[in-house]
Amino acid sequence: MNADLILRNATVIDGTGKQRYSADIAIAGERIAGIGSFDAADVPAVDARGQVVAPGFIDSHTHDDGYLLAHPDMTPKVSQGITTVVTGNCGVSLAPLVSEQIPQPLDLLGPPSLFRFKTFAAWLQALRDAPAAVNVIPLVGHTTLRVAAMADTGRAATGEEIDAMRAMMEEAMAAGAFGMSTGTFYPPAAHAPTGEIIEVGAPIRARGGLYATHLRDEADHIVPAMQEALDIGKALDCLVVFSHHKLAGEKNHGRSVETLALMERAGALQPVCLDCHPYPATSTMLRLDRVRISRRTMITWSKGYPEAKGRDFADVMKELGLTDEETLRKLSPAGAIYFLLDEQDVKRILSHPLAMVGSDGLPFDPHPHPRQWGTFTNVLRTLVREQSLLSLEEAIHKMTGQAARNYGVAERGLLQPGYYADLVLFDPDRVSDRATFDQPIQVSQGIQGVWVNGRQVWKDGAAGTERPGKVLTPTRKPESLQ
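This one's a predicted model, so the numbers in the text were calculated from it and none came from an experiment.

Here is what the cut-offs are and how they apply
Residues numbered from 1 in each chain as written. Predicted model: local features only at pLDDT ≥ 70, side-chain atom pairs only at ≥ 80, totals over all residues. Heavy atoms only, no water. 1 Å grid on protein atoms, 1.4 Å probe; cavity = no way out; pocket = protein on both sides within 12 Å on 5 of 7 lines; lining within 4 Å. Points joined across faces, edges and corners; volume = space filled by probe spheres on them. Helix = DSSP H or I, 4+ residues; strand = E, 2+ residues; numbered from the N terminus. Nonpolar A, V, L, I, M, F, W, Y, C, P; charged D, E, K, R; others polar. Axes fitted to C-alpha atoms, helices over the stretch in contact; angles between N-to-C directions. Parallel < 35°, antiparallel > 145°, perpendicular 65-115°, else oblique. Left-handed = near helix turned anticlockwise from the far one by under 90°. Contact = heavy atoms within 4.5 Å. Pairing = 2+ DSSP bridges. Buried < 20%, exposed > 50% of the residue type's maximum accessible area, 1.4 Å probe, protein only. Arc of directions from axis to C-beta. pLDDT = per-residue confidence, 0-100. Salt bridge = Lys/Arg side-chain N within 4 Å of Asp/Glu carboxyl O.

Caption draft 1: Focus on empty space enclosed by the protein. A full pass over the atoms with the stated rule returns four cavities of 30 Å³ or more. Of the pockets and cavities examined, the largest cavity occupies roughly 170 Å³. If you go around the largest cavity, you meet 19 residues; those closest to its centre are Tyr186, His214, Ser283, Thr284 and Asp360. Considering each element in turn, the lining of the largest cavity owes the most residues, three residues, to strand β16 (residues 282-285). When its residues are assigned to classes, the lining of the largest cavity shows eight nonpolar, six polar and five charged. Here the second largest cavity is characterised by a volume of approximately 120 Å³. If you go around the second largest cavity, you meet 14 residues; those closest to its centre are His245, Lys246, His277, Leu341 and Val346. For the lining of the second largest cavity, the leading source of residues is helix α14 (residues 343-350), giving three residues. Within the lining of the second largest cavity, the residues separate by chemical class into six nonpolar, four polar and four charged.

Caption draft 2: Structural context of the packing of helix α4 (residues 142-149) against helix α5 (residues 159-175). One way to put it is that α4 packs onto α5 with a least axis distance of 9 Å and a crossing angle of 125°. What the angle tells us is that α4 and α5 run oblique. In this structure, the crossing between α4 and α5 has a hand that is right-handed. Where α4 abuts α5, its residues Leu145, Arg146, Ala148 and Ala149 lie against Glu161, Ala164, Met165, Met168 and Met169. Residues that form the contact of α4 with α5 fall into these classes: seven nonpolar, no polar and two charged.

Caption draft 3: Geometry of the sheet that holds strand β13 (residues 210-214). Strands sit in the order β11-β12-β13-β14-β15-β19 across an open sheet of six strands; the sheet is parallel. Strand pairing shows two members of the sheet lacking a second neighbour, β11 (140-141) and β19 (355-357), which therefore form its edges. Of the pairings in the sheet, the one linking β11 to strand β12 (residues 179-183) comprises two bridges and is parallel in character. Each residue of the ladder has a partner; that of Gly141, found in β12, is Ser181.

Caption draft 4: Layout of the sheet that holds strand β7 (residues 82-87). The three strands lie next to each other as β6-β7-β10, forming an open sheet whose pairing is parallel. Two strands close off the open sheet at either side, each with one partner strand: β6 (57-59) and β10 (135-138). If you compare each strand with its neighbour and ignore which way they point, the axes differ by 20° on average. The sheet contact formed by β7 and β10 spans four bridges and is parallel. Bridging across to β10, Val86 finds its partner in Ile137. Seen against the sheet, helix α3 (residues 120-129) touches β7 and β10 and runs at an angle of roughly 170° to β10.

Caption draft 5: Summary view of α3. Among all positions in α3, only Phe120, Trp123, Leu124, Ala126 and Leu127 are buried. Along the axis of α3, the buried residues cluster in a sector spanning 155°; they form a single face.

Caption draft 6: Inspection of the side chain of Ser243 at higher detail. By the element assignment, Ser243 lies in the loop between β14 (239-242) and α10 (256-267). Look at Ser243 and you get buried, because its relative accessible area is 3%. Not counting chain neighbours up to four residues away, the residues in contact with Ser243 comprise His61, Asn89, Ala212, Thr213, His214, Glu218 and Asp275.

Caption draft 7: Looking closely at the confidence of the model for the protein. For the protein, the mean per-residue pLDDT works out to 97, and 99% of the residues sit at or above 70. For the stretch residues 478-482, pLDDT sits under 50, and the model shows 27 contacts to residues farther than four places along the chain or on other chains.

Caption draft 8: Examining the environment of Gly110 more closely. Summarising the element assignment, Gly110 is placed in the loop between β8 (97-98) and β9 (116-117). As a C-alpha pair, Gly110 and His63 span 47 residues in sequence and 9.3 Å in three-dimensional space. With residues near it in sequence (within four places) discarded, Gly110 still touches Phe115 and Phe364.

Caption draft 9: Spotlight on the pattern of salt bridges. Under the defined criterion, the tally for this structure stands at 26 salt bridges. A salt bridge links Glu319 to Arg311, with the nearest nitrogen and oxygen atoms 2.6 Å apart. On the accessibility criterion, Arg311 (27% relative accessible area) is partly exposed. Overlapping salt bridges bring together Asp59, Asp64 and Lys77 as one network.

Listed below in structure tokens is the structure:
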């Protein structure tokens, strides 16, 4: 057999959702050369008996745009079996923007020095010139376009500004963006009307692409916010990805029954899907509206009061003897983790057939949400092994084949001969996240090996020196897996 490596006697879970089976997997160059039984004593082999081999996991929601360049080993991701990341979510992408003044939430992507790419193509070229350990599915952020085109983002864009943004959007799509994301929840885009988003996103309709959205409201007014997103998807004739779908605040707990039913009804008329993670807490910039509806708020970083990092907002407020408004001003700019979700909603959403898995981690946070380091292995530990909410085959399908098809990625996400060799080898009885809210920067356990494009990037509990990641090319048009 013409192969560079054989994983022998593996339990194969191929990403389709079908039942597992036993086989050898042969890798030749960047591709899977064959799946079966191979008698090739001269080929290097890994004994995978008792281990699962699955397609490498696709992180459907990341903010790794700058981290890929600054930390190309991508240890937080490869250590949990991730081989591909979707960047540019929530309206926030690193490019196209050159600026030393980076407003929130764009600063969640890293320091201002990273914002040095005037065009989307320039950023993609930088990734190709200095590859990371993982593949990239890039989205362009509407908020980034606003900041690049508008001196004042606290209003609707003018016709001239819309033209400028649409031109940047066209450049990004031509360069290889898979689509556009929005984050109208955040101040720089909150004043953008629906019509502006549709006009700026016009290249999606022309070229084929997708629309991912951090909704205007994920709390009391989530239904009209979802309807706006569906209207945009219809106007742009594209897949709508509901980012980190959730219901915020105690008064909205249980409403996932309503929102998921809305998605199902919409899905009969247009392509829709969602991404989510398994934690009952969210994380973003420090905002008082979120503090006030959270059971608990933990500070992840603070420029105004660095001593607050890793501590509860309520404790810091008491220590300073200030009101919540005064404490916000003292700490800002800052980031936080908000404990405001219902665990039953989280489980119901993640187990829904439309759901993919996305970490939504903020990689530069000094005290990050544990989702950056543990989302995928948490799903395998909690929802599969401990709670039996999902079978291992179902969970891996959400993390691999379903995501690859939704994003329109060819020859990835499944274990098939001829497909790219993005693989993860893990112990199904031991695989687990170790990152916690108190100690979030910890690698997972039970991930035995990770290969990206046929080259090993994780082995024996450590990242290697290989950087085989590629900027992936969309297969127009993406489809929903209904």
